[in-house]
Amino acid sequence: MASFAILTDSTSDLSPDLLEKYNIDYCPMNYTMDDKEYPALLDWSIHSAKEFYDFMRKGIIIKTTQVPVPVFEKKFEEYLSQGLDILYVACSSALSGSYATSLNVAKDMMVKFPGRKIRCVDSLISSFGEANLAIVAYEERNKGKDVDEVADYLESIRLTRNQFATVDDLEYLKRCGRVSATSAFFGNFFGIHPLIISDKIGQNYAIRKIKGAKNVVPEMVEAVKAAVINPEDQTLYISHADNAELAIAARDAIMAEVPFKDSHLGIIGPIVGASVGPGTISIYVIGKEVTVEGGAS
Amino acid sequence: MDAAVLTGEDLYSLFTNGYRNLKQNASIVDALNVFPIPDGDTGKNMSMTWLGGIENTDKEEKSAGKVAKSFSKGTLLSARGNSGVILSQFVRGFSQGIKELDEVTPPDFILAMENASKKAYAAVAIPTEGTMLTVMRECIESPEIQNSEYDEFNSLFTDIIKGMKKSLLNTPNLLPCLAEAGVVDSGGAGLLYLFEGMSMALQGHMIEGDEENTETPDEFFTPDSKRKVNRKKHVKYAIVAAASGEGMIEYFKNEGVLAVIDGGQTNNPSAKAFVDAFYSVDADHIIVLPNDGNIILTAKQAANIFDPEKVHVIETKSMAEGYSAMSMVDYSLPTVEDLIHEMTHYLPNVTTGYITTATRDANINGVDVKEGAYVGLTDDILSCDTDITNATVKMFEALPDIDDKQVVTIFYGKDVTEADALALGDVLQEKYPLLEFGYICGNMDVYAYMFAIE
């Protein structure tokens, strides 16, 4: 029997089959649309992904909230009461307050469950970067490591998860302030596609501009080539916000030039999706440690 | 209420009035929100969190301890956003400080406030000074409060609010992003509104109605931000550009060009105009966009006069090229060479097209030009038609490398409406489905349209 449960949250973008395959549970955040609040479920059982992104295309503003305290309490209790410790792989603390909240809830839980352990790990990334750390936790747990060993390990490797994303419309990221770049970066210009990384403190940082849609995929291939280490041992992860066409084009171009073991394509979930907007694609590879830190957002 | 002690019912009405005051000013608090993420919902989040506390509290309850406890539970459950979570932990600390007391005296209240601020600090992984945390702590830490013996609440609240204001107004000095935005911290302002509402309740003034205030008080802006003092700020990179026409001058200014040289009607500025512009900025490096083939030499001469090491001329031959260079600007690049590389990288690919009116009959470049008709030109005249859309489409058809282009930005002139420009763009989009179109009001005099075709 597993010695500890692995939890993540809605920004991991893990599909139900991956959650099941790797025995991972998650704490949903919420999103608000037209003043109604919904849990951000990764099976898209409330709004389908297509519906969700079409709402955004129509201009409906979707706000998001961190994992609520009662959700953490319920999930943590569920596993602690089974005698399990907990490893929570959290969305980057630069993007969500969930990590900070989880630490407090975890502390409170220890009163009721003395001797048990909850380790919360700030993934410093989101989407498949965060998901990948949760999957690594599963693999490390299978090797017989305990919750502390696995949590320490994740903290030691998290910055080797590289993100390369591009968005269709910068307005979404600007609106929720979830990207770091000077205001001049986002002037009134057309045909500019930002290349967005997750920097060393886990914030989205527009590291460079790509002009023209046709140049996006070639530039992403170059970025992956420059960052990746041992591609033959890893899966290339690409997530997209209802833009399978571009995601597939990027996957095919990268797979043609970089010898990844295999690739996985998935949908960006509602929380990340609400802040990046429809059309976004995001690539995750394991490689050089991220050392860049963007300016204040 | 000349209160020497607060009962449960007193606390309830204080909390309620705090909520009402915050709610009325929530959009002011929203507008101040720049940290940690400027999503403009601090006021809403704080008031929703606080309301959850009130809704969970029995207004008839006599015991202050019990009111504080149920209020705290309510705020914890309804906490939303970073500010809401911090506020709910503050309330939790306050409630723990009140313990089981049925009546609260001013010294009890001060102790509870101290515990509240401690809990709030513990709520975040890395507490940041210059936020509501600082205001929570400093409002009760002031020597005035620590050295006084209060026997009633009115004067205590007066002093707490005084301390809060002082602390709030100091937040831009502690947190650079506030100073940059020229505002005080939003969460701290929300807290002040809560306590002001509570203080009003003590004085017997319960807020009614739900009118909203939207005008931010002057004191919530830093002096620079409000008055926009025209101080020269030292920057690493300054961009200086020449432009003609009010609309384009305005456009370049809005996009961060620090000094725009007005080329005037003939678009023929002097070297002195450039040198004056260089003096008007304080920068390590000055990048110049002449934006006209005939001005490049003047700009270079001015650079030599001023400081050839410091001034770098990018040879933009049109305002469309200047636009293209500006679109690639990234001030975070480490060296001026990097920045120039980015700005010039796509320049060879830019074609500038114009639509204007012919002033006389002629046959140029094989195009039969009729006076008064629309002419489409790049470096050469490419099309002429009495219909502006036809003249434009023919010009695009005559571009040899149109299939390699990706982005077309349409600058529309003074005599063209936005609707005209959009309609023209629709025609072009249909013909060239892979091109991406953008629209900018350029208010040009001479040209009906200018196109940056990249």
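Nothing here was measured: the structure is a model prediction, and the numbers come from that model. (Residues numbered from 1 in each chain as written. Chains lettered and ligands numbered in written order. Predicted model: local features only at pLDDT ≥ 70, side-chain atom pairs only at ≥ 80, totals over all residues.)

## A word on the overall build of chain B
At step 1: Of regular secondary structure, chain B possesses 19 helices and twelve strands.
At step 2: Burial statistics for chain B: of 454 residues in total, 48% are counted as buried.
At step 3: Across chain B, every contact between residues at least 6 apart in sequence was considered, and the portion connecting residues at least 24 apart equals 65%. (Helix = DSSP H or I, 4+ residues; strand = E, 2+ residues; numbered from the N terminus. Buried ≥ 20, exposed ≤ 12 C-beta atoms within 10 Å, placed from the backbone. Contact = placed C-beta atoms within 7 Å.)

## Considering the overall build of chain A
At step 1: For chain A, the count of helices and strands is ten helices and 13 strands.
At step 2: Across chain A, contacts joining residues at least 24 apart in sequence account for 78% of those joining residues at least 6 apart.

## Concerning the environment of Ile-402 of chain B
All names here are of chain B.
At step 1: Along the chain, the position of Ile-402 falls in the loop between α18 (388–397) and β10 (407–412).
At step 2: A tally of 16 C-beta atoms within 10 Å means that Ile-402 is categorised as partly exposed.
At step 3: Taking the C-alpha atoms as reference, Ile-402 lies 9.0 Å from Tyr-432; in sequence the two are 30 residues apart.

## Quick look at the interface of chain B and chain A
At step 1: Every contact between the two is made by 33 residues of chain B and, on the other side, 32 residues of chain A.
At step 2: Contributing elements (two or more residues each) for the side of chain B that touches chain A: α4 (64–78), α5 (81–98), α10 (176–181), α16 (319–327), β10 and β11 (436–441) of chain B.
At step 3: Its residues placed into classes, the side of chain B that touches chain A shows 18 nonpolar, eight polar and seven charged. (Nonpolar A, V, L, I, M, F, W, Y, C, P; charged D, E, K, R; others polar.)

## Focus: the confidence of the model for chain B
Residue and element names in this part refer to chain B.
At step 1: Mean pLDDT over chain B: 91, with 96% of residues reaching 70 or higher.
At step 2: For chain B, helix α12 (residues 223–227) is the element with the lowest average pLDDT, namely 57, and strand β12 (residues 449–453) is the one with the highest, namely 98.
At step 3: Taken as a whole, residues 226–231 scores under 50 in pLDDT and shows three contacts with residues more than four places along the chain or in a different chain.
At step 4: Two summary scores accompany this predicted model of the complex, namely pTM at 0.70 and ipTM at 0.81. (pLDDT = per-residue confidence, 0-100.)

## A look at the environment of Phe-190 of chain A
At step 1: In this fold, Phe-190 of chain A is placed in the loop between α7 (170–175) and β9 (192–198).
At step 2: It is 8.7 Å that separates the C-alpha atoms of Phe-190 of chain A and Gly-212 of chain A, two residues lying 22 residues apart in sequence.
At step 3: Those residues in contact with Phe-190 of chain A that sit more than four places away from it in its chain are Val-407, Thr-409, Glu-436 and Gly-438 of chain B.

## A short note on the sheet that holds strand β1 (residues 4–9) of chain A
All names here are of chain A.
At step 1: The sheet built from four strands is open, its strands ordered β2-β1-β6-β7 with parallel pairing. Both outer strands of the open sheet, β2 (24–27) and β7 (118–122), are each paired with one neighbouring strand and no more. The mean inter-strand angle of the sheet, taken between neighbouring strand axes irrespective of direction, is 25 degrees.
At step 2: Across four bridges, β1 lies against β2 in parallel orientation. (Pairing = 2+ DSSP bridges. Axes fitted to C-alpha atoms, helices over the stretch in contact; angles between N-to-C directions.)

## As for unusual backbone geometry
At step 1: Positive phi values are uncommon outside glycine, yet Asp-242 of chain A reaches one of about 55 degrees.
At step 2: By the element assignment, Asp-242 of chain A lies in the loop between β11 (235–240) and α9 (244–257).
At step 3: For Asn-365 of chain B, which is not a glycine, the phi torsion comes out positive at approximately 60 degrees.
At step 4: Here Asn-365 of chain B lies in the loop between β6 (362–364) and β7 (367–369).

## So, the sheet that holds strand β3 (residues 30–33) of chain A
Residue and element names in this part refer to chain A.
At step 1: Across the sheet, three strands lie side by side as β4-β3-β5; this open sheet has antiparallel pairing. Where the open sheet ends on each side, the last strands, each with one partner, are β4 (36–39) and β5 (62–65). Direction aside, the axes of adjacent strands within the sheet are offset by 30 degrees on average.
At step 2: By the bridge criterion, four bridges tie β3 to β4 in an arrangement that is antiparallel.

## Notes on the nonpolar core
One broad trend across soluble globular proteins is that nonpolar side chains are buried collectively.
At step 1: Among the nonpolar cores identified, the biggest contains 145 residues, and Ile-86, Leu-87, Tyr-88, Val-89 and Ala-137 of chain A together with Ile-86 and Met-136 of chain B are the most heavily contacted of them.
At step 2: Examining the composition of this core, we find that nine residues originate from one element, helix α11 (residues 186–202) of chain B, more than from any other.
At step 3: Every residue in contact with Leu-87 of chain A, bar those within four places of it in the chain, is listed here: Phe-4, Ile-6, Arg-119, Val-121, Ala-137, Val-147, Val-150 and Ala-151 of chain A.
At step 4: Ranked by size, the runner-up nonpolar core spans 72 residues in total, among them Ala-238, Ala-241, Val-350 and Ile-440 of chain B. (Core = buried A, V, L, I, M, F, W, Y, C linked by C-beta atoms within 7 Å.)

## A word on the pairing of β7 of chain A
Residue and element names in this part refer to chain A.
At step 1: The buried fraction of β7 is high, at five of five residues.
At step 2: Burial of β7 is two-sided: the residues Ile-118, Cys-120 and Asp-122 facing one way and the residues Arg-119 and Val-121 facing the other way are all buried.
At step 3: Where strand β6 (residues 85–90) lies against β7, five bridges are found, and the strand directions are parallel. Bridged to Val-89 within β7 is Val-121.
At step 4: Where the polypeptide runs from β6 across helix α4 (residues 98–112) and back to β7, its parallel neighbour, the crossover connection is right-handed. (Right-handed = clockwise from strand over helix to strand, strands pointing away.)

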